[in-house]
Amino acid sequence: MKLLFCFLFFFYLQVNADLRSELVEVFGGNRFRLSEDGSQVQLSLDKESGSGFKSKNEYLFGKLEMQIKLVPGDSAGTVTTFYLQSAAENHDEIDFEFLGNVSGEPFILHTNIYTKGKDKREQQFYLWFDPRADFHTYSILWNPQQILFSVDGIPIRVYRNAEARGVPYPKDQPMRLFSTIWSADWATRGGLVQTNWSHAPFTASYRKYGADACVWTNEQSFCSSSREKWWNQVLAADGEKKLEDIQKKYMIYNYCKDVKRFPRGLPPECSLMS
Ligand SMILES: *[C@@H]1O[C@H](CO)[C@@H](O)[C@H](O)[C@H]1NC(C)=O
Ligand SMILES: *[C@@H]1O[C@H](CO)[C@@H](O)[C@H](O)[C@H]1NC(C)=O
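Counting restarts for each chain: residues are numbered from 1 in the order of the written sequence. To label them, take the chains in the order written and letter them from A, then take the ligands in the order written and number them from 1. Thresholds applied to this predicted model are a pLDDT of at least 70 for local features of residues and 80 or more for the giving and counting of side-chain atom pairs; totals over whole chains, interfaces and linings are not thresholded and use all residues. With hydrogens and water stripped out, all remaining heavy atoms of the structure feed into the side-chain values.

A. Molecular detail of the overall build of the protein. Secondary structure follows DSSP: runs of H or I at least 4 residues long count as helices, runs of E at least 2 residues long count as strands, and numbering of each begins at the N terminus. A tally of helices and strands in the protein yields one helix and 17 strands. Taking 274 residues into account, the globule formula puts the C-alpha radius of gyration at 19 Å, and the protein, at 18 Å, falls close to it. In terms of overall dimensions, the protein has C-alpha extents of about 50 × 50 × 35 Å along its principal axes. The buried label applies to any residue whose accessible area, calculated with a 1.4 Å probe on protein chains only, is under 20% of its type's maximum; exposed applies above 50%, and partly exposed to all values in between. Put simply, the protein has 274 residues, and 53% of those count as buried. A contact between two residues is defined here by any heavy atoms of the two lying within 4.5 Å. Of the contacts formed within the protein by residues at least 6 apart in sequence, a portion of 69% connects residues at least 24 apart. Residue exposure ignores everything except the shown protein chains as possible cover, and the areas themselves are Shrake-Rupley values with a 1.4 Å probe. Carbon and sulfur atoms provide 51% of the accessible area of the protein, an area that totals close to 12900 Å². Two residue types count as positive, namely Lys and Arg, and two as negative, namely Asp and Glu; His and chain ends fall outside the count. Here the site of a charge means NZ on Lys, CZ on Arg, CG on Asp, or CD on Glu. Taken as two groups, the 32 positive and 33 negative side-chain charges of the protein have centres that lie 4 Å from each other. Computation of the radius of gyration draws on C-alpha atoms, with the globule rule given as 2.2 Å multiplied by the number of residues to the power 0.38.

B. Geometry of the site of ligand 2. The immediate surroundings of ligand 2 are formed by Asn196, Ser198 and His199. A 3.5 Å cut-off defines polar contacts: any pair of N or O atoms within that distance qualifies, except that in protein one atom must be a possible hydrogen donor and the other a possible acceptor, and neighbouring residues in sequence count only when both atoms are side-chain atoms. At 2.3 Å, a side-chain N or O of asparagine 196 approaches an oxygen atom of ligand 2. At 3.0 Å, a side-chain N or O of serine 198 approaches an oxygen atom of ligand 2. Burial of ligand 2 by the protein amounts to 24% of the accessible area it has alone, namely 360 Å². The cutoff for a nearby residue is simple: one of its non-hydrogen atoms must lie within 4 Å of the molecule or strand.

C. Representation of the state of the cysteines within the structure. By convention in this document, the label disulfide applies to cysteine sulfur atom pairs within 2.5 Å. In this structure the tally under the stated criterion is two disulfides. What pairs with cysteine 214 in a disulfide is cysteine 223, and their sulfur atoms sit 2.2 Å apart. For the disulfide bridge between cysteine 214 and cysteine 223, the dihedral angle about the S-S bond is near 105°, and by the sign convention the bridge is right-handed. The buried category is assigned to cysteine 223, whose relative accessible area is 0%.

D. The arrangement of the site of ligand 1 in detail. Neighbouring ligand 1 are the residues Leu99, Gly100, Asn101, Glu105, Pro106, Ile108, Tyr126, Ala187, Thr188 and Arg189. The separation between an oxygen atom of ligand 1 and a polar side-chain atom of asparagine 101 is 2.5 Å. Interatomic distance of 2.6 Å between a side-chain N/O atom of glutamate 105 and an oxygen atom of ligand 1. Computed on the free molecule, ligand 1 has an accessible area of 360 Å², of which 76% lies beneath the protein chains in the complex. In this classification, Asp, Glu, Lys and Arg are treated as charged, Ala, Val, Leu, Ile, Met, Phe, Trp, Tyr, Cys and Pro as nonpolar, and every other residue, Gly included, as polar. Here the shell around ligand 1 is built from residues that sort into five nonpolar, three polar and two charged.

E. Region of interest: the pairing of strand E6 (residues 51-69). DSSP bridges decide pairing: two strands pair if at least two such bridges lie between them. Relative to E6, strand E3 (residues 23-27) runs antiparallel, the two sharing four bridges. Each bridged residue has a counterpart across the sheet, and for glutamate 25 the counterpart in E6 is phenylalanine 53. Across six bridges, the pairing between E6 and strand E14 (residues 175-183) is antiparallel. Looking at E14, one finds that tyrosine 59 is bridged to methionine 175. By the bridge criterion, nine bridges tie E6 to strand E15 (residues 202-217) in an arrangement that is antiparallel. Across the sheet, the residue bridging to tyrosine 59 is valine 215, located in E15. Here E6 runs beside strand E11 (residues 136-142); their pairing, made up of seven bridges, is antiparallel. Its bridge partner being in E11, leucine 64 is matched across the sheet by isoleucine 140.

F. Looking closely at the nonpolar core. Ranked by size, the top nonpolar core spans 63 residues in total, and within it Phe53, Met66, Phe96, Tyr138, Trp142, Ile147 and Tyr209 carry the most contacts. Take this core: its biggest share by element is nine residues, from E15. With near-sequence residues (within four places) excluded, isoleucine 147 lies in contact with Ile94, Ile113, Ile140, Leu141, Trp142, Arg157, Val158, Tyr159, Tyr169 and Pro170. As used in this record, nonpolar core signifies buried Ala, Val, Leu, Ile, Met, Phe, Trp, Tyr and Cys residues forming a set joined through side-chain atoms within 4.5 Å. In terms of nonpolar packing, the next biggest core, distinct from the first, is built from five residues, Leu99, Ile108, Ala184 and Ala187 among them.

G. Local environment of the pattern of salt bridges. Throughout this description, the term salt bridge denotes a Lys or Arg side-chain nitrogen within 4 Å of a carboxyl oxygen of Asp or Glu. The final tally for this structure, using the stated rule, is ten salt bridges. The salt bridge involving glutamate 269 is made with arginine 121; its shortest N-O contact spans 2.8 Å. Placement of the pair is glutamate 269 in the segment after strand E17 (251-254) and arginine 121 in the loop between strand E9 (108-114) and strand E10 (123-125), with a sequence separation of 148 residues. For arginine 132, the salt bridge is made with aspartate 130, and the minimal N-O distance between the two is 3.1 Å. In this structure, a network of salt bridges that share partners links the residues Lys116, Glu163, Lys171 and Asp172.

H. Fine view of unusual backbone geometry. The step from alanine 200 to proline 201 runs through a cis peptide bond, and the omega angle for that step is 0°. Mapped onto the elements, proline 201 comes out in the loop between E14 and E15. You will see that lysine 116, though not glycine, has its phi angle at about 45°, which is positive. On the secondary structure map, lysine 116 appears in the loop between E9 and E10. The backbone of asparagine 218 sits at a positive phi, close to 50°, despite the residue not being glycine. A relative accessible area of 70% places asparagine 218 in the exposed class.

Set out below in structure tokens:
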């Protein structure tokens with residue numbers, strides 16, 4: 001296990017307007033496009049390839065967020081992602097994935113959490129707006145107490161640290177932020193609708209990357225001076241209420257309700273969190 005040395009350090013910006021200093025292409029070549037002033041990134045997908053970027057920094061806890069405008073028009077068969085992932089083999093991962101659809105039909109926001117390589121913790125949602133019409137903020141708060149997924153500041157999912165009760169929690173492996181776009185034959189209506197390549201390229205846009213986080217470098221963690229704002233942040237009572245309302249209205253799949261899939265009993269965290 002890595003030791004956590006946390007220094008308060010005053011070098012880290014909360015929202016970095018210039019994405020050139022934060023993000024770097026991982027695949028897709030010039031399908032990863034930075035605007036000249038560095039304020040926007042676009043990722044596109046065509047028949048030959050998708051594309052992706054990652055953060056230059058690795059983080060051990062933080063609040064990572066970005067404004068994303070999803071593929072306009074027909075995006076059936078496409079998957080756009082925004083996630084944190086550690087590098088080692090039994091990796092940790094915290095996922096937002098946006099499953100595309102034909103024009104006018106809703107995206108599905110798919111979320112998942114991996115701990116030491118194990119996942120099967122999917123929850124899926126419809127959104128209360130059209131995510132291709134405009135930019136919206138998607139954020140992951142990851143601190144020692146909980147992982148909180150929010151959309152435009154509204155919590156949609158929480159995963160609490162219940163290690164004391166035998167539930168694995170990601171906390172030892174630093175993670176990097178990734179975003180990608182690719183095509184998947186299962187993405188839309190469970191595979192009934194395939195990507196229509198005559199509508200390619202499919203392009204998603206990104207701006208305003210926020211990383212209020214502890215940066216992991218040389219086996220040490222350097223935290224932003226504003227760490228206290230998020231380090232101990234947990235969902236307050238009114239947040240719980242909001243979360244419940246949102247889940248009641250918009251959640252379309254919850255692994256914790258899928259008894260058929262877990263015939264020997266639901267995962268232990270299911271009785272401890274919504
Ligand atoms: C696409 O639209 C159909 C019809 O409204 C809907 O059933 C489905 O959940 C939508 N999203 C995806 C990703 O399939
Ligand atoms: C793909 O899009 C083209 C152009 O809009 C359309 O003519 C064609 O019918 C579409 N193909 C399928 C399989 O929907």
